[in-house]
There are 2 protein chains.
Amino acid sequence: MSIKDKLSEAYAPVVPSFIAQILKVATDPTIISFAGGLPNPMSFPVEDFKVSLNRIVDEYGPALFQYGNTAGLKAFREYLADKHSKETGIPFTYENVLIVTGSQQALDLIPRIFINKGDTIIVERPSYLGAFQAFDQYQPSYLTVDLNEDGLDLEQLEQVLSTSNAKFMYLIPSFQNPTGLTYSDENRVKVREILSRYDVFLVEDDPYGDLRYEGKKPENIGLGHLKNSCVLGTFSKVATPGARVGYVISEDKEFIHYLTMAKEASDLHSNILVQAMLLDYLKNNDQPAHVQKITELYKTQAHAMMDAMDEFFPDGVTFTHPQGGMFIWVTLPEGVSSIKLIDRALARKVMFVPGDPFYLGEHDTNKMRMNFTNADIPTIREGIKRLGEAIREEMAACGLE
Amino acid sequence: MSIKDKLSEAYAPVVPSFIAQILKVATDPTIISFAGGLPNPMSFPVEDFKVSLNRIVDEYGPALFQYGNTAGLKAFREYLADKHSKETGIPFTYENVLIVTGSQQALDLIPRIFINKGDTIIVERPSYLGAFQAFDQYQPSYLTVDLNEDGLDLEQLEQVLSTSNAKFMYLIPSFQNPTGLTYSDENRVKVREILSRYDVFLVEDDPYGDLRYEGKKPENIGLGHLKNSCVLGTFSKVATPGARVGYVISEDKEFIHYLTMAKEASDLHSNILVQAMLLDYLKNNDQPAHVQKITELYKTQAHAMMDAMDEFFPDGVTFTHPQGGMFIWVTLPEGVSSIKLIDRALARKVMFVPGDPFYLGEHDTNKMRMNFTNADIPTIREGIKRLGEAIREEMAACGLE
């Protein structure tokens, strides 16, 4: 009998992820890909990591290669607790922090401890497809709240909270994936006030928060204000994604405790070597200066892409103007499907992620996610030019000129 | 409201793992602990790893720190496919291999793709408690087959297979955890023959297979013979557990495909740095010679523990005589509970793992798991002497002299 006949209810309907398929196409070196969400490899401090690796092998010795604590390297958890204590004024300790194998692992563990089949999760509309992939495994129901230019639609938020018994809410308030949008300070305050009146746990994903090109970093909605919340942090965007080091921090130690038990059952603990490497790197280098270098690079790339879109995209196509992060969200004219654009784009050797997988059950959306961090400026211009032609052609096919 | 009130059905009943609690006690440096399953840190090739780390940073450059493939580093998967091709004669390719964050992650992913609440998993009696921890999350039913000196009880095996519709069967045929027992060649052939007549997937966990002090390594039951099977391998016992590098290999590429999708939803991929480090280490060092050094060390320690048990344990206490691995399984006289022995052992500053957590719903068993790999010989003798006194005292309390 085939494996297919044995699959669990949760896995039987699963098909290879859309993004996995697109990324596969995008590995063709002759294609200009804006599809991935890859940091620019120029931003990896390779030589500094090498110095740290040598130093930690000498410093820790065999302990670096032995089994470790499920929650992660204590000194690293202390470092992270301290960082967030400074930001929030809350006296966090290492017991508020769990190290995970990239934020993706947190997205897998959180529904595991909360969700029975059919339980409700509230998400932004649109939201991160990798979160759907993780959550879907636990067969939840979803409710969505529209994401606008300045943040969540507050009326909808109040409505879904008052009419559901949601277990948790998943938000990406800064440089959101896929839209690049950031909640305004005012919107954050109002979202916080509404959440404080309901018994729902807030999961605030913040992978891009430090990649801010302009303006001031806003406060978290939850951490520092709502005990019933956590922040997911990661070093994938500001140091190295290949190391797969992320973390969960929450004022609620009981939450961290249960999440740690789920982590223990999942993989005992994350790799220690890279935790020690990152900690050593962070302590011995000017990380804020490094992040500033990355953001300057990305700012130039983002602006090059926006300028090229202004120049090459036909009238009627609009896009977000992010102040940080890695993505621009493009809106095609009403009725033009980005899924149908794929073949025309591929014919011109250029690729993007169509909007559909960021929505739940919506098809032929007129949205596209564009990543600008992993291509140089001439390539960005050339790719956007080609994509403009593809869009023009698709619009013509739809009877739009 | 407390987190407790929100927990999923699968997590509401979970209590901190027995082993986590015991290991916590065992970190007290004044206690002689035979409780863990830690390799001897003397066995970690620290300097060789350092050489490899420097070499791979130079060789791979930034690619070492970028996102990678979910299934793992291709060259590493090819290396592992090749190793098992040589052992089995089956022409495996990298597509037969998935890299995981230690074997524990495989124990989490496999039930995820197979098990609906209530579906049956067949396990040895007793079996590895970390596997129960992982499997329990998916709320399966269990059926057990007794493990005897020469392997599985064949009559029971035929009986549970013929009367259940089990999704998979989990076995640790070499130097089993907790018993240290190894299935005989004859038992393996018979188990294979029985399994070939049923539609059940075989998960063969082999973390200790290379740690053989004497005799010849037996063939796998499944891999190389039954398509409907996989082997879980790990570098935790022969190189470094802290790196958390394990793998799953199966002739059934469809199985690997589904497992890879579950892995993607779990953590995108495992850390690349340590995969590259291990591959470089394996290619540039005499790994069989290194493993032989480890097994010589462990053999001495195992024999020291068995000799001390002969000398210090009271009559009526028996134990297994493993030819490899990391554990000895002790049987106290009928009616003497190893759980009740804990306080007496702790009073003498010595610790072990009682048998109960290796059984499903059996309490006050007269079994104990003893690890011998992480203590030097004088410490082993002293610890066994103290434990002998504790056992004598408990036996007296039970009216046995």
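Here the structure is a predicted model, which means the values were calculated and not measured. (Residues numbered from 1 in each chain as written. Chains lettered and ligands numbered in written order. Predicted model: local features only at pLDDT ≥ 70, side-chain atom pairs only at ≥ 80, totals over all residues. Heavy atoms only, no water.)

A. Region of the structure containing the overall build of chain A. Looking only at helices and strands, chain A has twelve helices and 14 strands in total. By the compact-globule yardstick of 21 Å for 401 residues, chain A fits well, its C-alpha radius of gyration being 21 Å. Taken along its principal axes, the extent of the C-alpha atoms in chain A is 65 × 60 × 50 Å. Expressed as a percentage of the 401 residues in chain A, the buried residues total 62%. The long-range fraction of contacts in chain A, counting pairs at least 24 apart against all pairs at least 6 apart in sequence, stands at 75%. (Helix = DSSP H or I, 4+ residues; strand = E, 2+ residues; numbered from the N terminus. Rg over C-alpha atoms; globule rule 2.2 N^0.38 Å. Buried < 20%, exposed > 50% of the residue type's maximum accessible area, 1.4 Å probe, protein only. Contact = heavy atoms within 4.5 Å.)

B. Representation of the interface of chain B and chain A within the structure. At the junction of the two partners, chain B supplies 77 residues and chain A supplies 77 residues. Taken together, the two surfaces of chain B and chain A that pack against each other cover about 6,600 Å², and 58% of this comes from carbon and sulfur. The tally of links from chain B across to chain A stands at eight salt bridges. Asp199 of chain B is the salt-bridge partner of Lys6 of chain A, the closest N and O atoms lying 3.0 Å from each other. There are 42 residue pairs in polar contact (both at pLDDT 80 or more) connecting chain B and chain A. (Buried area = accessible area lost by both parts, 1.4 Å probe. Salt bridge = Lys/Arg side-chain N within 4 Å of Asp/Glu carboxyl O. Polar contact = N/O pair within 3.5 Å; in protein donor to acceptor, adjacent residues only side chain to side chain.)

C. Main features of the packing of aromatic side chains. Per the stated rule, a full pass over the model turns up 30 aromatic pairs over all chains. An angle of 70 degrees between the planes, with centres 6.5 Å apart, marks the rings of Tyr213 of chain A and Phe372 of chain A as edge-to-face. Within this pair, whereas Tyr213 of chain A is found in the loop between strand 7 (201-205) and strand 8 (229-234), its partner Phe372 of chain A is found in the loop between strand 14 (367-371) and helix 12 (377-397), the two being separated by 159 residues in sequence. The same class applies to Tyr213 of chain A and to Phe372 of chain A, which are both buried. Seen from their ring centres, Phe114 of chain B and Phe201 of chain B are 5.5 Å apart, and the 50 degrees between their planes marks the pair as tilted. Here the residue Phe114 of chain B occupies a position in helix 4 (residues 102-114), and Phe201 of chain B occupies one in strand 7 (residues 201-205), the gap between them amounting to 87 residues. Taken together, the ring pairs connect Phe114, Phe135, Phe168, Tyr170, Phe201 and Phe255 of chain A into an aromatic cluster. (Phe/Tyr/Trp six-rings, centres within 6.5 Å; stacked < 30°, edge-to-face > 60°.)

D. Looking closely at the packing of helix 2 (residues 46-60) of chain A against helix 2 (residues 46-60) of chain B. Interhelical geometry of helix 2 of chain A versus helix 2 of chain B gives an angle of 180 degrees and a closest axis separation of 10 Å. Taken together, the axes of helix 2 of chain A and helix 2 of chain B lie roughly antiparallel to each other. Within the contact between the two elements, helix 2 of chain A uses Val46, Lys50, Leu53, Asn54, Val57 and Asp58 of chain A and helix 2 of chain B uses Val46, Lys50, Leu53, Asn54, Val57 and Asp58 of chain B. Looking at side-chain class alone, the contact of helix 2 of chain A with helix 2 of chain B contains six nonpolar, two polar and four charged residues. (Axes fitted to C-alpha atoms, helices over the stretch in contact; angles between N-to-C directions. Parallel < 35°, antiparallel > 145°, perpendicular 65-115°, else oblique. Nonpolar A, V, L, I, M, F, W, Y, C, P; charged D, E, K, R; others polar.)

E. Structural detail: helix 5 (residues 129-136) of chain B. Counted residue by residue, helix 5 of chain B has seven buried out of eight residues, so it is predominantly covered. Among the residues of helix 5 of chain B, Leu129, Gly130, Ala131, Phe132, Gln133, Ala134 and Phe135 of chain B are the ones counted as buried.

F. Fine view of the pattern of salt bridges. Residues and elements named next belong to chain B. For the coordinates displayed, the defined rule picks out 54 salt bridges over all chains. As a salt-bridge pair, Arg112 and Asp108 come within 2.8 Å of each other at their nearest N and O atoms. One end of the pair is Arg112 and the other is Asp108, both in helix 4 and four residues apart, which spans about a single turn.

G. Local environment of the pairing of strand 9 (residues 246-250) of chain A. All names here are of chain A. Along strand 9, five of the five residues are buried, which leaves the element largely enclosed by surrounding structure. Side chains Gly246, Val248 and Ser250 of strand 9 all project onto a buried face; the interleaved residues Tyr247 and Ile249 project onto the opposite face, where all are buried too. Across four bridges, the pairing between strand 2 (residues 97-100) and strand 9 is antiparallel. Paired with Val100 across the two strands is Gly246, which belongs to strand 9. Pairing of strand 8 with strand 9 involves five bridges; the strand directions are antiparallel. Paired with Thr234 across the two strands is Gly246, which belongs to strand 9. (Pairing = 2+ DSSP bridges.)

H. Representation of the sheet that holds strand 8 (residues 229-234) of chain B in the model. One open sheet holds the eight strands; their spatial order is 2-9-8-7-6-3-4-5 (chain B), and the pairing between them is mixed. Since the sheet does not close on itself, it has two edges, and those belong to strand 2 (97-100) and strand 5 (151-152) of chain B, each with one partner.

I. Focus on the relation of the copies chain B and chain A. Expressed as a screw operation, the relation of chain B to chain A combines 0.0 Å of axial shift with a rotation of 180 degrees, fitting to an RMSD of 0.0 Å. Put plainly, the chains are arranged around a two-fold axis. (Least-squares fit on C-alpha atoms with pLDDT ≥ 70 in both.)

J. The confidence of the model for chain A, seen in detail. Per-residue confidence for chain A gives a mean pLDDT of 95, with 99% of residues at or over 70. The ipTM, which scores confidence in the relative placement of chains, is 0.95 for this predicted complex, and the corresponding pTM is 0.96. (pLDDT = per-residue confidence, 0-100.)

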